[in-house]
Every structure is written in C-alpha cells, then in structure tokens.
Amino acid sequence: MLQLHLEDLAEMVVAHGARRVGVQLPFGLRRRAREIAKTFGDRDIEVVFSGTPSYGACDVADAQMARADVDLLVHFGHSAMLPDSSIPVLYWEVVDDVDIIKTIRQHRDELRSRGRSVGLVTTVQHVHQLPSVRDYLVSEGFDARIGDASIRVSHPGQVLGCSFETATSLDVDFYLYVGTGYFHPVGISLATDRPVMYCDPYTEQCIDVTPVRDRIVRKRYAVIEKARAATHFAVVVSTRRGQYRIDEALNIKKLLREHGKTCHIIVAEAVDAALVQDFGFDAYVVAACPRIAIDDAPSFEKPVLTVTEVPLLFDDRPYQFDEIHKL
C-alpha cells in the first residue's frame, strides 16, 4: 500500500512557515486529495490543487502555482530533479510497503535460469527496498548489483520512463525490475537490449518482458518505414523544463534537410493526437519525453518518431531507445 506519511509532511510545511500550499498529484494519487486537504486544514493551511496532469519530476507546476500566490508547492510521488524553480518546491516521495521478497522467493529458480549477475531496478516507490532485495539475492548465490544515481534520478537503482542510466551503467546477465506495470521494464529492455524480468509484488508474477519488447520494436520499425515516404516533417519541442530538447530538435532539422526533407519546429507544452492532426505535416519527431511516440502511437494518424529513430530513416543501424541524460 502506498504510504504518504502526511503527518510528517504537514510538520515540514509548518516548519517552512507556509500558509497557502500548492499540491501537485499524479493521476494515481488524486483520489486522496481530500485526505491531504484535511491534514493541512487541521493546521490552518490553505491548499490549492493543480489540475494540470503530472507526468513526472520533469513536469513541475511551479510557474502555475506561483500565479496562485502559494508559499510552497508540494510535488507528490517523484524524487527531486529540476535544479531550480520559480517558487519553493518540496518533492514528496511516496513509498510502497508491499512485500517484494515474497514474490522473488517464489521465482528464484526461474531467475537462476537467466544468469548469475543481476541488475536491480525499480521506481521511487520501491527504491527503498532494493538493498534488502540485493541482500536476499546475494544469500541465494546471485551477484546482485544496484546502479548509481544519475543527474535525473536521486536514488541508486531508480529508473524513469525517459532515463535508464542506473541500468545501462551495469554489465550484468539480466535485470530484475520490481514494481507494477510494463511501462518501465519494457523501457529498460529497450535501452539495454538485455533480458528483463518483471516481478510484480501484487500479482506475485515474474515475467520476461522480451516478447513485449520485440513486439514494440517491430511496431516502431513499421512507423519508421511509413515515415520514409514523408516529405514534410515537424519536430515538436516540449516547454516542460525537464523535457526541453531544443538542441536535439535543431540537429534533427539539419539532418532531415540534408536528406532533402522539409522540416519545421513546433513548440508546445503537450504532444498529442490533436496537435498532430491540426498541423497537417506528413510526419513528426518528438523532442520531448521519449515515451510519447511509443506509448501513444495508436492515437496518432501520422508517423511520430523519437529522436533516435530519425537516423534510421537513412541508415541501417541497430535500434536505439531514446533517453534524456540532461536537465
């Protein structure tokens, strides 16, 4: 179960001296808004909620909340990323106390069949449990490793949908992802081209995501092939600070023009199906969150590529997953 530790948070906000607090919640926590508001209200602290979607620590509503004249923004569910902000921001990590070892124990023989050295990866909700997972696996004879934190993540072993440096920094036989959903383990598999075992402590399943990864890569090559016939391209740059990739956009524009394509740059906060439909270019490149082109592909009427897929239009090289390694 997700633990918000609201009493501890409220004490920190009181110590900050804030009287009006902005609160930004990811979709999975929005139903706990009243609980959060009551905890602050009991201390005579006014709460203003952000209704803007929160996709991660790259997407902090500090400018929006500055206009609401709050003293402090509490950004729930993600670890700190952005080095500065227009108002004080408190990143409040939410942890999950579900028993992970139980599921791993049930599947240890299957894990052994993948190799001896294993890289441990997860999201911020479970990252506090990785040391105990490592200790258990070492006791079972594994060479279990946890990658160092990077510029975009605060904790060893933590991954984001756009950054898998804690995984790619390790030379291991396979990776063990603990958590829920295919979003992150498939990204790790794409970024590392190594087997990834996805262990879900809620379903108590442990699954090799390679077939899912391979299916996605086949679909991506189909999109790339469709984009080859395009003449008029647009590169979309996100205004979200943690996703702003203007240098990559300019390089793509240059590359496309060198190959006889026309290319223009669009700056937008969100990249969605409506934007692709309204502008009417033949194909698009997302110089923003790398997962948009992949995860939202069914909603796009035109080919939408990632930054690293553009060179594949003109050169036969191995598929490379797009990541963001800077702020």
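Residues numbered from 1 in each chain as written. Predicted model: local features only at pLDDT ≥ 70, side-chain atom pairs only at ≥ 80, totals over all residues. Heavy atoms only, no water.

(A) Broad picture of the overall build of the protein. A count of helices and strands for the protein gives 12 helices and 15 strands. In summary, the protein has a C-alpha radius of gyration of 21 Å against a globular reference of 20 Å for 327 residues, a match within 12%. If one aligns the C-alpha atoms of the protein with their principal axes, the spans along those axes are about 65 × 55 × 30 Å. Split into buried and exposed, the 327 residues of the protein put 51% on the buried side. Just so you have it, the protein exposes about 14800 Å², and 51% of that area is on carbon and sulfur atoms. Put simply, the protein has 37 plus and 46 minus side-chain charges, and the middle of one group is 4 Å from the middle of the other. (Helix = DSSP H or I, 4+ residues; strand = E, 2+ residues; numbered from the N terminus. Rg over C-alpha atoms; globule rule 2.2 N^0.38 Å. Buried < 20%, exposed > 50% of the residue type's maximum accessible area, 1.4 Å probe, protein only. Areas by Shrake-Rupley, 256 points an atom, 1.4 Å probe, with all protein chains shown as cover. Lys, Arg positive; Asp, Glu negative; His and termini not counted. Charge placed at Lys NZ, Arg CZ, Asp CG, Glu CD.)

(B) Focus on the packing of helix α8 (residues 183-192) against helix α9 (residues 210-228). Remark: α8 packs on α9, axes separated minimally by 9 Å, with the N-to-C direction vectors making an angle of 70 degrees. By the angle between their axes, α8 is roughly perpendicular relative to α9. In the crossing of α8 with α9, the sense of the turn from one axis to the other is right-handed. Facing α8, whose interface residues are V186, S189 and L190, α9 presents V212, R213, I216 and V217. Of the residues that constitute the contact of α8 with α9, the class distribution is five nonpolar, one polar and one charged. (Axes fitted to C-alpha atoms, helices over the stretch in contact; angles between N-to-C directions. Parallel < 35°, antiparallel > 145°, perpendicular 65-115°, else oblique. Left-handed = near helix turned anticlockwise from the far one by under 90°. Contact = heavy atoms within 4.5 Å. Nonpolar A, V, L, I, M, F, W, Y, C, P; charged D, E, K, R; others polar.)

(C) Spotlight on the state of the cysteines. Within this structure, the stated rule accounts for one disulfide. For C199, the disulfide goes to C206, at an S-S distance of 2.2 Å. The S-S bond linking C199 to C206 shows a torsion near -65 degrees; that makes this disulfide left-handed. Classification of C199 as buried rests on a relative accessible area of 1%. (Disulfide = S-S within 2.5 Å.)

(D) Structural context of the layout of surface pockets. Of the voids in this model, the largest pocket is the one considered here, and its volume is about 1100 Å³. Around the largest pocket sit 42 residues that line it, and Y55, G56, H78, F183 and H184 are the ones nearest its centre. Counting residues per element, the ones that place at least two in the lining of the largest pocket are α8 and α12 (291-295). Here the lining of the largest pocket is composed, by residue class, of 21 nonpolar, 15 polar and six charged. Approximately 330 Å³ is the volume found for the second largest pocket. Lining of the second largest pocket is provided by 20 residues; of these, K219, R220, I294, A297 and P298 occupy positions nearest its centre. When contributions to the lining of the second largest pocket are tallied by element, the ones reaching two or more residues are α8, α9 and α12. Broken down by element, the residue count for the lining of the second largest pocket peaks at six residues, all from α9. (1 Å grid on protein atoms, 1.4 Å probe; cavity = no way out; pocket = protein on both sides within 12 Å on 5 of 7 lines; lining within 4 Å. Points joined across faces, edges and corners; volume = space filled by probe spheres on them.)

(E) Representation of the packing of aromatic side chains in the model. In the structure shown here, the tally under the stated rule is six aromatic pairs. Centre to centre, the rings of F164 and F321 are 5.7 Å apart; their planes meet at 55 degrees, and the pair counts as tilted. Of this pair, F164 sits in the loop between β8 (143-146) and α7 (165-168) while F321 sits in the segment after β15 (304-306), and the two are 157 residues apart along the sequence. In this pair, the class of F164 matches that of F321, namely buried. When the ring centre of F183 is taken as reference, the NZ or CZ atom of R291 above it lies at 3.8 Å. (Phe/Tyr/Trp six-rings, centres within 6.5 Å; stacked < 30°, edge-to-face > 60°. Lys NZ or Arg CZ within 6 Å of the ring centre and 35° of its normal.)

(F) Highlighting the side chain of H75. Among the secondary structure elements, H75 is positioned in strand β4 (residues 72-76). The exposure class of H75 is buried, given its relative accessible area of 0%. Within polar-contact distance, the side chain of H75 engages the side chain of Q24 at 2.7 Å. Separated by 2.9 Å, the side chains of H75 and H78 make a polar contact. Beyond its immediate chain neighbours, meaning those up to four positions away, H75 contacts Q24, S54, G56, A57, D59, V60, V89, L90, Y91 and W92. (Polar contact = N/O pair within 3.5 Å; in protein donor to acceptor, adjacent residues only side chain to side chain.)

(G) Here's a closer look at unusual backbone geometry. Positive phi, close to 60 degrees, is recorded for D44, a residue that is not glycine. Residue position: D44 is located in the loop between α2 (33-41) and β3 (46-49). Taking the relative accessible area as the measure of exposure, D44 reaches 63% and is therefore exposed. We note that E204 has phi near 60 degrees; this positive angle belongs to a residue other than glycine.

(H) Structural detail: the packing of helix α1 (residues 6-16) against α2. Look at α1 against α2: their axes get within 10 Å of each other, and the N-to-C directions meet at 45 degrees. In this view, α1 runs oblique relative to α2, as classed from their interaxial angle. Crossing angle aside, the handedness with which α1 passes α2 is right-handed. Note on element contacts: α2 touches α1 through E35, I36, T39 and F40, opposite L6, E7, L9, A10 and V13. Of the residues contributing to the contact of α1 with α2, the split by class is six nonpolar, one polar and two charged.

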